[in-house]
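A structural walkthrough
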Amino acid sequence: MNAESFIAEMNSGKKVVCGSDVHQHMGKLSQEAMKITSRINCSYHEPQEIRELFSILTGQKIDENFGLFPPFYTDCGKNIHIGKHVFINGGCQFQDQGGIYIGDGAFIGPMVVLATLNHEQDPKRRGELIPKPIHIGKNVWIGAHATVLQGVKVGDGTIIAAGAVVTKDVPDYADYDFPDFETERMKILEKWRSFTKKSDKDAVYVFNCIFLQNPMCETMMRFGMDETASQNYISEIAEIIKP
């Protein structure tokens, strides 16, 4: 078995049986990866030298704008796929047998773990391995000490918080176009009018502090309005619901 056939086997998602040819080749690649990462980690290298060593590690030509702060750790290396303008900070651990795909412009923070292997849950077969790829989209920022588990897709432009453990897909980042204050105000006032029409005239309704707090926070913090404008908005609501 060579590296190409091994990667094809990993990308198929088939379970790796302990002691099989695939499992033994996995061990061989791990030893090769440790030799190369020890060269990366144990002395200073110019950025171009880092890129050359990383190209040897992955078996692929690395973009001239790729950046890496050692140390870096992997127990395979041959199934790491790096886009353009990617930066990987120090202390990261890539378990890439199942495939790690990192899109253009991604930032990987310090001590990030990307883990593409899982073990069989049955204790008697715990040595068996299940590979699944990790896909990191374009312009993603993964914060320090985050862990991304196998099979996860992180959408373009997203931010993964420092220390997060990501077990499910993360959708693409999106800008939300919130309505302006006047549009929002008319909707809220109409809801209060609807409430008063449907309410029991003989019933007693008690409103807690949230009644005042929410409109004030919304107008002053979300829309940047001053205290007077906020009070006027609250007065409008009070006028609608007064007995």
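First, a word on scope: everything that follows refers to the structure included in this document. Computed from a prediction, not measured in an experiment: that's the story for all the values here. (Residues numbered from 1 in each chain as written. Predicted model: local features only at pLDDT ≥ 70, side-chain atom pairs only at ≥ 80, totals over all residues. Heavy atoms only, no water.)

1. With respect to the overall build of the protein chain
Applicable threshold: In this description a helix means any DSSP run of H or I spanning at least four residues, a strand means any run of E spanning at least two, and both kinds are numbered starting from the N terminus. Burial classification: accessible surface area is computed with a 1.4 Å probe over protein chains only, and a residue below 20% of its type maximum counts as buried, one above 50% as exposed, and the rest as partly exposed. When checking whether two residues touch, look at their non-hydrogen atoms; a contact exists if any pair is within 4.5 Å. Per-residue accessibility takes into account occlusion by the displayed protein chains alone, with areas from the Shrake-Rupley method and a 1.4 Å probe.
When you go through the protein chain residue by residue, the secondary structure sums to six helices and 16 strands. When the 243 residues of the protein chain are sorted by exposure, 37% land in the buried category. Excluding contacts between residues fewer than 6 apart, the proportion of contacts in the protein chain whose partners are at least 24 apart in sequence is 32%. Here the protein chain has roughly 14300 Å² of accessible surface; of this, 56% comes from carbon and sulfur atoms.

2. Looking at helix α2 (residues 21-41)
The cut-off we apply is this: Helix span, expected: 1.5 Å multiplied by one less than the number of residues in the helix. Taken from the helix axis, the directions to the C-beta atoms give the arc we talk about.
If you check α2, its first and last C-alpha atoms are 30 Å apart, about what 21 residues at 1.5 Å a residue would give, namely 30 Å. When α2 is considered as a whole, its buried residues turn out to be Val22, His25, Met26, Leu29, Ser30, Ala33, Ile36, Thr37 and Ile40. The arc that holds every buried residue of α2, seen down its axis, measures 150°, which confines them to one face. Across α2 from its buried face, at more than 90 degrees, point the exposed residues Gln24 and Lys35. Buried residues along α2 sit in contact with α1 (3-11), α3 (47-58), β1 (67-68), β2 (72-74), β9 (117-119) and β10 (129-131).

3. Some points on the pattern of salt bridges
Our working definition: Any carboxyl oxygen of Asp or Glu that lies within 4 Å of a side-chain nitrogen of Lys or Arg is treated as forming a salt bridge with it.
All told, the structure shown has five salt bridges when counted by the stated rule. Note that Arg125 is salt-bridged to Glu120, the shortest N-O span being 3.6 Å. Classification of Arg125 by relative accessible area gives partly exposed; the value is 36%. A salt bridge links Glu190 to Arg193, with the shortest nitrogen-to-oxygen separation between them at 3.7 Å. In this pair, Glu190 and Arg193 are both assigned in helix α4 (residues 181-198), three residues apart and thus about one turn of the helix distant. Its relative accessible area of 43% is what places Glu190 among the partly exposed residues. One salt-bridge network, in which partners are shared between bridges, spans Lys15, Glu120, Arg125 and Glu128.

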